[in-house]
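# Notes for the structure review
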Amino acid sequence: MSGVTGVSMLLSVLLYLLHIAIAPLFLVGLVRKGKGLLQRRQGPSVLQPFHDMAKLFRKDETVSGTTTWAFRWAPVIGLSTIFSAALMAPWIGLRSPIPGDFLLFVYLLALGKFSAGIGAMDTGSAFGGFATSREVAISLQTEAAMILAFAALAVHAHSSSFAAMLSPIRPSLHVTVLALLVVIALALAAVAEMSRMPVDDPTTHLELTMVHEALILEYSGPSLALMEYSTALKTLLLLGLVGQVALLVAPPQSALPAYLFSLGVILAGAVALVIAESTLVKLRWRRIPNLLSFGVTAGVLACLLVAVRG
Amino acid sequence: MTHPLLPVICAILVALCWLAAPVTTLIAGRGANSPFWSIAVGAGAVALLCAGIAGLAGTTGLWNLPYPLWLGAARFTFRLDALAAYFLVVIAVVTVPIAFYLPAYMEHLCRKVDMRLFWISLSTLLLSMSGVVLAANVLTFLVAWELMSLSSFLLVAADHQPHANRQAALIYLGATRLGTAFLAGGFLWAHALSGSWTFQDWHFRGAAALGPGILLIIGLGVKAGMWPFDLWLPIAHPAAPSPVSALMSGVMVKVAIYMMVRLFLLQPAFNHPALGYILLGLGAISAFWGVLFALLQHDFKRLLAYHTVENVGLILIGVGGSIAAANLGLPVVATLALGAALFHVLNHALFKSLLFLGAGAVDFSSHTRDLDQLGGLGQRMPWTFALFTLGAAAICGLPPLNGFASEWMLYQGSLHLSGSRVIPLLRFSGLLMAGWIALVGALALACFTKAVGVVFQGRPRSRGAEHAKEVPGGMLVAQGLLAAGCILLGLGAPYVLRLLQSFAIIPGAGPHVLSSAWTLPIGTLAVVLALTFAAGGLWLSEASKRDRVRSYITWECGFGDLTPRMQITATSFVQPIARMFGMLFRYAVHFRIEGTNRRLFPETIVVEPRTEALLETQVYAPVVWWVDRAGSWIARMQAGSIHLYLLTMFVTLLILLLIAGRHP
């Protein structure tokens, strides 16, 4: 029996690593292609991000003379935090290689944000400064929303580990409402964390209207590639996690359907991103707290539901 | 179990080392700054560490000072147990690095500060803090407490040339008087009820515990910097020399928390659920209030001092939650909350001292603490920068450092409260508390991104910052020791929890509650992070070796070189957050544009954001004003007229007779 679990564990680790390696850029390509199609364009090839990445890795780098190690290390720290987080959350429906819990997950994301922030501030550029300021201001609400929503699930499951929180439970109206509220809270937080519309516009070229793009403005070559890759992986990871919560409503019974359903939910999330980015406009900076407060409210309501029903 | 006499020997060594400094300084001159005194301070701290470890290993005891060392007919009594030993360790682990830091740092203060007074006050502060922790009765406690307050007052006033420092010292003195008044009131009340001055004889339950308990909470809360008594802390802590700020913020506030744990929680002298709810509520407000005001600060050390208010708030959430849960019959929740609070006490002592020593290093080499005058120090002081950044990550609770470990325990406490069989309101509060701690954590992250970014990164905003140099080795060693502590306690959290559960157990909880609650794969995480960091480091060095990295300027949009003034300032960094919470401190931006043709050719443009803390202007300012008025009115009686004095005495006598006469 232990041999079987050993093999399945190894398989799951390999699957996770495979997805971490390939899926993020594929997702980016899909989203870009989808946006193109929705805007009646041909759109770039789905494999274009892979080519972009390869090109960036072949390039040399330009680094500002004002910077220190913080600037050079920020892409590495950012990627390794997201990588660790991706190994700790069961975002493709299989048991994660490392048994993580939601607090560690949220705080790992925060570590990535901290390193990106001091990387951007390192250049002495106003773009980096303002981007960091906005990033941390947005994260006030996203972190609170994520912690509240996950905490509601954790109390429901009597454990803060992802394995227990996202394991299939008997469907009921109570669970459906809870999952719905948690999905709303997480999805709104994720939109901000992924730097997507309507919080942030990943395609704009006006630096002061952007958050994430201004944050990585000074990076070039391989460092920029690492930054882009971290963002893509984070997008995939968050979509996958939101999908796992959504699957609580109708949990698949065995490993293979769980895996396929999870991929389907991630794909659905990508479609939602495509539609949102093609139909919505970016919110004014001052209106963003209003949007994110819906996420916090959904988190509080999820907590209330868990507190009352037990 | 160690030899029962070991603590006594350690105590004698500690006393010898820490008394050697003041005695010998009397011989030395005013500007004396020889490493001898630092060695004495450090050696005393090592001896104290031994005593603490002996206490944690299970050696306990009760000691009375022999006859001539009495105070009148009352005895000085000291008691060592595991809880006291734990706090002795907290004092010692901060003092040892400070001993490394002192010789170089005090060099630049030698001419401004009377060094004899400095060494005497510092030794007294260290001795009296240990005395408070070990005190077994009210007399011993109050004597040590007062010595602690007065010596730290002298240290705040050490550099009394600037007006601001004198004012800070005065405000601090007022705060300590207020605190001691409440403490004395609480102790007198407890004595009147029980007839004993020994803490161990007090077992108040129900309504009897409430009155003295609240007075003691206020008295201790003033020292701990609990909201709404936190006003003095951000004024007084930064005014002292940096190693002293580190001691005050890192250790002295913890002494007040120690007394709270001792009096209200472990074998509580005062047990009433309301005390728990009061501490919990005030702690929650302190955590938020502290970090919010830290965001708005321009003074580097003041920013750090406000973070002390925040972290004291987090610790009080743990202590208060533990009292409340113990009274609700939830020993597991109570133990988790207490474990989180005690763990955070140690963690905060380490990273807050590290940050204050870092701020001191910045002050030392750039001669300013104003965030708007700093910048670009990362290139000039690389070690201080790296160590400060590590401390900042630790205080923000980022994994895998120690701040994360204790905040994680705090989250576990609130989640366990919500998962237990209590009324829905309490379950909901537990969940909301988790969200609240998350908000506080995110605010801390914002604040320290600002601090690191504005102080150490970008380009220098003043000549002082431009010509800054790395500080001497001793100061770096001190910061390095504390940073190593932050990493070790983060990775070794399970061992700390195992240590804590040997004494911090609420009756009814199992013996392994804390270590079995720790389910984090922090070791695996550390391995994954270390491997990826190593790979990244290799890759970076390879890239620079193969000459694939070109150094150039920061992108300036093609408009010519950037100036330091074009960088983001501390004020504009926090503007989005300040606007979000504007109703709490009345955030307003004032524009002033002047000139003969001010529309087209303005001569001066001044934009100034103003923040006004409503608690200070609407509550404290009127109170101070009335106290001042009443004081000057009462002062009229002291007019030097013998008739007036005689009249006062007569009236007093009459009133006393009237009161006494009613009771036969």
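Described in the following lines is the structure provided in the data block. (Residues numbered from 1 in each chain as written. Chains lettered and ligands numbered in written order. Predicted model: local features only at pLDDT ≥ 70, side-chain atom pairs only at ≥ 80, totals over all residues.)

### Some remarks on the overall build of chain B
Scanning chain B from terminus to terminus reveals 25 helices and seven strands. Relative to the 2.2 N^0.38 estimate, which gives 26 Å for 664 residues, the radius of gyration of chain B is 26 Å and therefore close to what a compact globule would have. Its C-alpha atoms put chain B at 95 × 65 × 65 Å along the principal axes. In chain B, buried positions account for 55% of the 664 residues. Taking the intrachain contacts of chain B between residues at least 6 apart in sequence as the baseline, contacts between residues at least 24 apart amount to 79%. (Helix = DSSP H or I, 4+ residues; strand = E, 2+ residues; numbered from the N terminus. Rg over C-alpha atoms; globule rule 2.2 N^0.38 Å. Buried ≥ 20, exposed ≤ 12 C-beta atoms within 10 Å, placed from the backbone. Contact = placed C-beta atoms within 7 Å.)

### Digging into the interface of chain B and chain A
Listed as interface residues are 65 residues of chain B and, on the opposing side, 64 residues of chain A. Elements with a contribution of two residues or more to the side of chain B that touches chain A: α13 (377-380), α14 (382-395), α15 (402-418), α16 (424-456), α21 (522-545), β5 (549-552) and α22 (570-580) of chain B. Per-element accounting of the side of chain B that touches chain A gives the leading share, 17 residues, to α16 of chain B. Split by residue class, the side of chain B that touches chain A holds 41 nonpolar, 20 polar and four charged. Of the pairings in the sheet, the one linking strand β1 (residues 61-64) of chain A to β5 of chain B comprises four bridges and is parallel in character. Bridge assignment links Ser64 of chain A to a residue of β5 of chain B, and that residue is Tyr552 of chain B. (Nonpolar A, V, L, I, M, F, W, Y, C, P; charged D, E, K, R; others polar. Pairing = 2+ DSSP bridges.)

### Quick notes on helix α18 (residues 473-491) of chain B
Residue and element names in this part refer to chain B. The first and last C-alpha atoms of α18 sit 27 Å apart over 19 residues, in line with the 27 Å expected at 1.5 Å per residue. Among the residues making up α18, those that are buried are Met475, Leu476, Ala478, Gln479, Leu481, Leu482, Ala483, Gly485, Cys486, Leu489 and Gly490. Looking at the buried positions of α18, the neighbouring elements they touch are α3 (82-106), α12 (331-366), α14, α15 and α19 (493-500). (Expected span 1.5 Å × (residues − 1).)

### Topic: the packing of helix α5 (residues 126-157) of chain A against α22 of chain B
Here α5 of chain A crosses α22 of chain B at 25°, and the two axes come no closer than 9 Å. Here α5 of chain A lies roughly parallel to α22 of chain B, going by the angle between them. In this structure, α5 of chain A meets α22 of chain B at a crossing whose hand is right-handed. Of α22 of chain B, the residues touching α5 of chain A (which contributes Gly129, Ser133, Arg134, Ala137 and Leu140 of chain A) are Phe573, Pro576 and Ile577 of chain B. Of the residues assigned to the contact of α5 of chain A with α22 of chain B, the class counts are five nonpolar, two polar and one charged. (Axes fitted to C-alpha atoms, helices over the stretch in contact; angles between N-to-C directions. Parallel < 35°, antiparallel > 145°, perpendicular 65-115°, else oblique. Left-handed = near helix turned anticlockwise from the far one by under 90°.)

### Observations regarding the environment of Gly453 of chain B
Position of Gly453 of chain B among the secondary structure elements: in helix α16. Linking Gly453 of chain B and Val651 of chain B, residues 198 residues apart in sequence, is a C-alpha distance of 64 Å. Gly453 of chain B has contacts with Gly117, Ile118, Met121, Gly129 and Thr132 of chain A, leaving out every residue within four places of it along the chain.

The values reported here are purely geometric and, on their own, carry no functional implication.
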